[in-house]
Amino acid sequence: MKILVVCGSGLGSSFMLELNVKKAAKELGIDAEVSHTDLTTAKSEQADYYIGSGDIMDQLSGGSRKTISLKNMFSMDELKQALQANILDA
């Protein structure tokens with residue numbers, strides 16, 4: 001499974017969230033390749049799930065993309081709940 005973490009410029013916040021997604025996925029037993037990128041690149045890159053802030057995910061939603069929107073990108077509790085609901089319980 002591939003999870004792509006997306007932010008506007010693909011630098012700081014998406015990199016920090018990538019680290020948290022890797023940690024949370026490991027704790028939840030989700031086997032995933034996780035990477036980060038900017039919004040423009042994400043529109044043409046294939047992934048099983050795209051994760052990021054709500055405003056960025058709104059720009060990626062539609063079609064066949066599975067997006068996971070976060071209100072607080074730095075909340076581990078929210079991140080784990082989102083991964084649980086969208087991947088494990090789906």
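So, a few notes on the structure that sits alongside this text. Sequence order sets the numbering: in each chain, residues are counted from 1 along the sequence as written. The predicted origin of the model limits local features to residues at a pLDDT of at least 70 and limits the giving and counting of side-chain atom pairs to 80 or more, whereas totals for whole chains, interfaces and linings rest on all residues. The side-chain numbers reported here are obtained from all heavy atoms of the structure, hydrogens and water having been left aside.

With that settled, the discussion passes to helix H4 (residues 76-88). Exposure is judged per residue with a 1.4 Å probe applied to protein chains only, and the accessible area is read against the type maximum: over 50% gives exposed, under 20% gives buried, and values in between give partly exposed. Each helix corresponds to a stretch of at least 4 residues labelled H or I by DSSP, and each strand to a stretch of at least 2 residues labelled E; elements are numbered beginning at the N terminus. Listed as buried for H4 are Glu 78, Leu 79, Ala 82, Leu 83 and Ile 87. All buried residues of H4 lie within an arc of 130° about the axis, which places them on one face of the element. In H4, the exposed positions angled more than 90 degrees off the buried face are occupied by Asp 77 and Gln 81. By definition, residues are in contact when any of their heavy atoms lie within 4.5 Å. Looking at the buried side of H4, the elements it contacts are strand E1 (2-7), helix H1 (12-28), strand E3 (49-53) and strand E4 (67-70). This arc is taken over the directions from the axis of the helix to the C-beta atoms.

It is worth spelling out the pattern of salt bridges at this point. For salt bridges, the criterion is a side-chain nitrogen of Lys or Arg within 4 Å of an Asp or Glu carboxyl oxygen. Under the defined criterion, the tally for this structure stands at three salt bridges. Lys 22 is paired through a salt bridge with Glu 18; the nearest N and O atoms lie 3.0 Å apart. Placement of the pair is Lys 22 and Glu 18 together in helix H1, with a separation of four residues, close to one helical turn. By relative accessible area, Glu 18 is classed as buried at 7%. The closest approach of N and O atoms between Glu 27 and Lys 80, which form a salt bridge, is 2.4 Å. One end of the pair, Glu 27, is in helix H1; the other, Lys 80, is in helix H4, with 53 residues separating them in the sequence.

Everything listed here is a matter of geometry and, on its own, says nothing about what the molecule does.
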